[in-house]
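# A closer look at the structure
Listed below, chain by chain, are the residues.
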Amino acid sequence: MEVCGFDREGDNRQQPAFSYKTIGIVSRSSSYFKRLMMMRRTIKEEMACRDKDTVYYIFSLDVAIAFMLNGGLKRKYIYEVSDLMELEVNNKFLSSILTRINRYVIKKSLETIVTSPGFEDYLFPNKKPTNISIVPNKLDKRIMELGRPRSKAFDSRNITIGFTGAIRNKAIYNFIEVVGEYFPNINLVFYGIFTDDKIYSVKIRNAIERYGNVSYKGTFKNPDDFPEIYSHIDMVLCLYTAKGNDKVLEPNKLYESIFFEKPIIVSKNTFTGRYVESTGIGYTVDGEDKEDIMTFLASLNAEEYLKRVARCSMIPKEYTIDDTTKLFSKLKTVL
């Protein structure tokens, strides 16, 4: 097996430990068409070196389209959908075309892995294809060996809300502004990387520096640093926008929250929000509305908090751990 991939210009995330080959650099300044043509050219070169029986594992719609333009749909391939980026396209007609292409690529695949049930519901709201496996972003099984975080008593006069992951978007910025301006009893801590969204990345950095009760703790190692991180927080912030890809994704922080029994804060009117409301494991809030954020934070109390902790504790820990046994059993049959 050989792993090939594209690197993103300016990406500072840790590189994988296994052997891999970088076949192209995705520029942040070039147009979508130029990026696609670069991907098409380099993928064509890789495909030319392999025989017809090669099975490809492709990630993301961009790569799938470049693969398709090289006759990839006539080859054997497995497809992984970890985001529906076509939902981030402002042009509704183009977004609709890309969605149709995504459905077609899925239907032609040997098997497609989606990381959120919300993706499958959006793409195939009626009849679900039999060649789809849902493999959520659950926790690395090593977490079971790392031990539980130290217990932290809840004190409404000194609440700590933590965030782990890619720091971005308007909802997060609004949350920082409300906490920093109006809630000195709440500490907001961030672990992870800032993503360059051209608007809120700079605003978020500036807001964190401006408020004494908001701090950035740097990057973290998954899952090694989780017990220490979760020892110091009361709740998990997972506030994305209620539109586009964010509306249907299922974040890995959901499973961190359940495992460590720390209630999660998510957006209303989203796939994850409905799950959180139905299970009672956290809170939902409209991140686009500062008034709603203020109302939510002002309502926090020990009684309701402990109810949500109890709901988290009722879910078996095994449910939150990554398990691909069923997927690989199915792939053996397919291949």
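I will try to describe carefully the structure that is included in this document.

### Looking at the state of the cysteines
Applying the stated rule across the entire model yields 0 disulfides. Unpaired in terms of disulfides, Cys4 finds its nearest cysteine sulfur in Cys49, a separation of 9.1 Å. Cys49 gets classed as exposed once you look at its relative accessible area, which sits at 64%.

### Description of unusual backbone geometry
Note the cis peptide between Asn222 and Pro223, where omega equals 5°. Take Pro223: it is sitting in the loop between β9 (214-216) and α7 (226-231). One non-glycine residue, Glu261, lies in the positive phi region at around 60°. Of note in the backbone geometry, Asn269 takes a positive phi value of approximately 60° without being a glycine. Looking at the element boundaries, Asn269 is found in the loop between β11 (264-267) and α9 (271-279). The exposure class assigned to Asn269 is exposed, which follows from its relative accessible area of 55%.

### As for the packing of aromatic side chains
Here the structure, examined in full by the defined rule, presents 14 aromatic pairs. Ring centres 5.5 Å apart and planes at 70° place the aromatic pair Phe67 and Tyr77 in the edge-to-face group. Of this pair, Phe67 sits in helix α2 (residues 61-69) while Tyr77 sits in strand β4 (residues 76-81); the two residues are 10 residues apart in sequence, bridging distant segments of the chain. Classification of Tyr77 as buried rests on a relative accessible area of 0%. Geometrically, the ring pair formed by Phe226 and Phe260 is edge-to-face, given 6.3 Å between the ring centres and 80° between the ring planes. One end of the pair, Phe226, is in helix α7; the other, Phe260, is in helix α8 (residues 252-260), with 34 residues separating them in the sequence. As far as the burial class goes, Phe226 and Phe260 line up, both buried.

### As for the sheet that holds strand β5 (residues 111-114)
Each strand in a sheet pairs with its neighbour through backbone hydrogen bonds, running either in the same direction (parallel) or in the opposite one (antiparallel). Overall, parallel pairing links the 4 strands, which are arranged β3-β4-β5-β6 in an open sheet. Unpaired on one side and paired on the other, β3 (55-59) and β6 (132-134) mark the two borders of the sheet. Pairs of neighbouring strands in the sheet enclose a mean axial angle of 20°, with direction left out of account. In the packing of helix α12 (residues 325-334) onto the sheet, the strands contacted are β4, β5 and β6, and the crossing angle to β5 comes to about 165°.

### Digging into the environment of Val114
Structurally, Val114 can be placed in strand β5. Beyond its immediate sequence surroundings of up to four residues, Val114 is in contact with Val81, Phe119, Ile132, Ser133, Ile134 and Val135.

### Regarding the nonpolar core
Taken as a class, soluble globular proteins show a tendency for nonpolar side chains to be buried jointly. Membership of the largest hydrophobic core comes to 53 residues, with the highest contact counts inside it found for Ile58 and Tyr79. Of all the elements, α2 adds the most residues to this core, at 6 residues. With residues up to four places along the chain from it excluded, the contact list for Ile58 reads Val63, Ala64, Phe67, Tyr77, Ile78, Tyr79 and Glu80. Counting residues in hydrophobic clusters, the runner-up holds 35 residues, among them Ala171, Ile186, Tyr211 and Met235.

### A word on the packing of α2 against helix α3 (residues 92-108)
Packing of α2 against α3 leaves a shortest axis separation of 11 Å and a crossing angle of 70°. One element, α2, and the other, α3, form an angle in the roughly perpendicular class. On the side of α2, the interface is formed by Leu61, Ala64, Ile65 and Met68, while α3 contributes Leu98, Ile101, Asn102 and Val105. Each residue belonging to the contact of α2 with α3 can be placed in one class, and the counts come to 7 nonpolar, 1 polar and no charged.

Rules and cut-offs
Residues numbered from 1 in each chain as written. Predicted model: local features only at pLDDT ≥ 70, side-chain atom pairs only at ≥ 80, totals over all residues. Heavy atoms only, no water. Disulfide = S-S within 2.5 Å. Buried < 20%, exposed > 50% of the residue type's maximum accessible area, 1.4 Å probe, protein only. Helix = DSSP H or I, 4+ residues; strand = E, 2+ residues; numbered from the N terminus. Phe/Tyr/Trp six-rings, centres within 6.5 Å; stacked < 30°, edge-to-face > 60°. Pairing = 2+ DSSP bridges. Axes fitted to C-alpha atoms, helices over the stretch in contact; angles between N-to-C directions. Contact = heavy atoms within 4.5 Å. Core = buried A, V, L, I, M, F, W, Y, C linked by side-chain atoms within 4.5 Å. Parallel < 35°, antiparallel > 145°, perpendicular 65-115°, else oblique. Nonpolar A, V, L, I, M, F, W, Y, C, P; charged D, E, K, R; others polar.

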